[in-house]
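Results of the structural survey
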Amino acid sequence: MLEHTWFTSALWIGLALLSALISMRLAISVALVEIVVGAIGGNWLGLTPTPWTNYLAGVGAILLTFLAGAEVDPEVIRRNFWSSVGIGIAGFVVPFFGVLWYTHYISGWPWPQAQIAGLALSTTSVAVVYAVMTENGMNNTELGKIILAACFINDLGTVLVLGVLFANYNLWLVLFAGVTLAAMWFLPRFVPFFFSKVGNRVSEPEIKFIFFVLFLLGGLSDMAKSEAVLPAYLIGMVLAPFFLQDKVLAQRMRVMAFTLLTPFYFLKAGALVKFDIVVSAAGLIVILLLIKMVTKFVGIHPLTAFFRFEKREGIYTTLLMCTGLTFGTICALFGVNNGIIDSDQYTMLVAAVIASAVVPTLIAQRWFQPHIQHG
């Protein structure tokens, strides 16, 4: 039955529906439930990613990352510049060197493999953080916007270091950087005019235009050996002032993302985890998860006190910055695709990354979620 597209579609959407019902019952983020359900489906129900599910998952990651960028209020960033940048940099640097040291000197991984491990576990997940905060309304608060900005700084560090260590320096990289910078300058000037002329149509030309830009930049990023989610976040950030005013358009895109696209992304992330390898390497996976969380706390939590976060907000911020998914799996996939790490190391890293998407977020939601005060 799973050889037929419609039966396969029914399985994926059925698991997404089951995840939504479990999420409602347990009051846990649906993104986290989808990861767990995806792992069960991948190991026991024959849930295997196909080219078309990979495409939908990729589109979901791009759109979710764009929407997360569009939530970053420039005014909030200006008011909290040093806290966002400081937390973001510390959230990358300390875990990167912590995991790098352990995997190389204790586990005996060669330097290139240890570098991939450090990059994969230094990230934070914009997709998970945004999905969780959208459900509880934190994305509309000043604290939520600071966290999203810090997530971006953290992952920007990961992408830049990955590029410095492993990227191919060629004309495609120059073209990608040039076109992305040009788009970041041009779109905030063009979008308000264009959307005022074509808006409020059943055919949704505004959303189609956004997808056109994101896919075009995504194609250039692939040619440059980068990742499509990076320009998506940057474009979302420069268009944030417009989307913060046009709440209706943002809501329409959010509904599209969470209804159809992001379930494929989160279910696929879970389906990639193989239980047999996870069981055999459980000790190392737990150690990698603990190193990531401890180093994140060492780097970030003192800064939340320095920047005068309330105690509950400081722990909540640190826990959400401990999450990882998109860029973590991207780094691991980059390593295995380029022959830097083997398939077993890939599974161990992805399992630790996915665990970091679940464990700290559950703790944050259950015991440290701040009382929402919309800013």
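Source: prediction; values computed, not measured. (Residues numbered from 1 in each chain as written. Predicted model: local features only at pLDDT ≥ 70, side-chain atom pairs only at ≥ 80, totals over all residues. Heavy atoms only, no water.)

Glancing now at the overall build of the protein. Helix and strand counts for the protein stand at 18 helices and zero strands. Against the globule reference of 21 Å for 375 residues, the protein gives a C-alpha radius of gyration of 20 Å, in line with a compact fold. Once the C-alpha set of the protein is aligned to its principal axes, its extents read approximately 60 × 55 × 50 Å. Across the protein, the fraction of contacts at a sequence separation of at least 24, relative to all contacts at a separation of at least 6, is 82%. Per element, the accessible surface of the protein, about 16,500 Å² overall, is 69% carbon and sulfur. Looking at charge distribution, the protein has the averaged site of its 20 positive side-chain charges lying 6 Å from that of its 18 negative ones. (Helix = DSSP H or I, 4+ residues; strand = E, 2+ residues; numbered from the N terminus. Rg over C-alpha atoms; globule rule 2.2 N^0.38 Å. Contact = heavy atoms within 4.5 Å. Areas by Shrake-Rupley, 256 points an atom, 1.4 Å probe, with all protein chains shown as cover. Lys, Arg positive; Asp, Glu negative; His and termini not counted. Charge placed at Lys NZ, Arg CZ, Asp CG, Glu CD.)

Counting across every chain of the model gives one cavity of 30 Å³ or more. A volume near 40 Å³ is recorded for the largest cavity. Lining the largest cavity, in full, are Val-126, Phe-152, Asp-155, Leu-156, Val-159, Val-229, Leu-230, Tyr-233 and Phe-327. Those elements giving two or more residues to the lining of the largest cavity turn out to be helix H8 (142-166) and helix H11 (229-238). Sort the elements by how many residues they give to the lining of the largest cavity and H8 lands first, with four residues. Here the lining of the largest cavity is composed, by residue class, of eight nonpolar, no polar and one charged. (1 Å grid on protein atoms, 1.4 Å probe; cavity = no way out; pocket = protein on both sides within 12 Å on 5 of 7 lines; lining within 4 Å. Points joined across faces, edges and corners; volume = space filled by probe spheres on them. Nonpolar A, V, L, I, M, F, W, Y, C, P; charged D, E, K, R; others polar.)

Turning next to the confidence of the model for the protein. Here the protein averages 90 in pLDDT, and 98% of its residues register 70 or above. Looking at the elements of the protein, mean pLDDT is at its lowest for helix H4 (residues 74-79), recorded as 81, and at its highest for helix H15 (residues 282-306), recorded as 97. (pLDDT = per-residue confidence, 0-100.)

At a minimum axis distance of 10 Å, the contact between H8 and helix H16 (residues 311-321) shows a crossing angle of 35°. In this structure, H8 meets H16 at a crossing whose hand is right-handed. Residues Leu-143, Ile-147, Ala-150, Cys-151 and Asn-154 of H8 pack against Glu-313, Tyr-316, Thr-317, Leu-320 and Met-321 of H16. Partitioning the contact of H8 with H16 into residue classes produces seven nonpolar, two polar and one charged. (Axes fitted to C-alpha atoms, helices over the stretch in contact; angles between N-to-C directions. Left-handed = near helix turned anticlockwise from the far one by under 90°.)

Attention shifts here to helix H10 (residues 205-223). Its 19 residues place the ends of H10 27 Å apart at the C-alpha level, agreeing with the 27 Å of an ideal helix rising 1.5 Å per residue. Those residues of H10 that sit buried are Glu-206, Ile-207, Phe-209, Ile-210, Phe-211, Val-213, Leu-214, Leu-217, Gly-218, Leu-220 and Ser-221. In this structure, the buried residues of H10 make contact with helix H3 (51-70), helix H9 (171-198), H11, helix H12 (240-245) and helix H13 (247-271). Following H10 by one or two positions, Lys-225 has its phi on the positive side, about 60°. (Expected span 1.5 Å × (residues − 1). Buried < 20%, exposed > 50% of the residue type's maximum accessible area, 1.4 Å probe, protein only.)

Let us look at unusual backbone geometry. With phi around 50°, Glu-204 is a residue other than glycine that occupies positive phi space. Looking at the element boundaries, Glu-204 is found in the loop between H9 and H10. Here Arg-308, not a glycine, exhibits a phi torsion of approximately 65°, which is positive. Here Arg-308 shows up in the loop between H15 and H16. The exposed category is assigned to Arg-308, whose relative accessible area is 77%.

A separate point is the packing of H9 against H10. Helix packing geometry: the angle between the two helix axes and the distance between the axes. Closest axis-to-axis distance for the H9/H10 pair is 10 Å, and the angle between their directions is 175°. In terms of orientation, H9 and H10 fall into the roughly antiparallel class. Contacts between H9 and H10 involve Trp-172, Leu-175, Phe-176, Val-179, Thr-180, Ala-183, Leu-187, Phe-190, Val-191, Phe-194, Phe-195 and Val-198 on the former and, on the latter, Pro-205, Glu-206, Phe-209, Ile-210, Val-213, Leu-217, Leu-220, Ser-221 and Met-223. Partitioning the contact of H9 with H10 into residue classes produces 18 nonpolar, two polar and one charged. (Parallel < 35°, antiparallel > 145°, perpendicular 65-115°, else oblique.)

With that out of the way, let us pick up the nonpolar core. For soluble globular proteins, nonpolar side chains are generally found buried alongside one another. Judged by nonpolar contacts, the single largest core of 128 residues is most densely connected at Phe-66, Phe-243, Phe-266, Leu-325 and Leu-349. With twelve residues, the top contributor of residues to this core is helix H18 (residues 343-367). Apart from residues lying up to four places away in sequence, Phe-266 is in contact with Ala-31, Glu-34, Ile-35, Leu-64, Ala-127, Val-128, Ala-131 and Leu-325. (Core = buried A, V, L, I, M, F, W, Y, C linked by side-chain atoms within 4.5 Å.)

Okay, the pattern of salt bridges next. By the definition in use, this model includes six salt bridges. Between Arg-79 and Glu-142 there is a salt bridge, and its shortest N-O distance comes to 2.6 Å. One end of the pair, Arg-79, is in helix H4; the other, Glu-142, is in helix H8, and 63 residues separate them in sequence. With a closest N to O distance of 3.8 Å, Glu-206 and Arg-252 form a salt bridge. (Salt bridge = Lys/Arg side-chain N within 4 Å of Asp/Glu carboxyl O.)

Estimates place the volume of the largest pocket at around 890 Å³. Lining the largest pocket are 32 residues, and of these Gly-58, Glu-227, Lys-268, Ile-330 and Leu-333 sit closest to its centre. Counting residues per element, the ones that place at least two in the lining of the largest pocket are H3, H10, H13 and helix H17 (326-337). Among the residues making up the lining of the largest pocket, the classes are represented as 18 nonpolar, ten polar and four charged.

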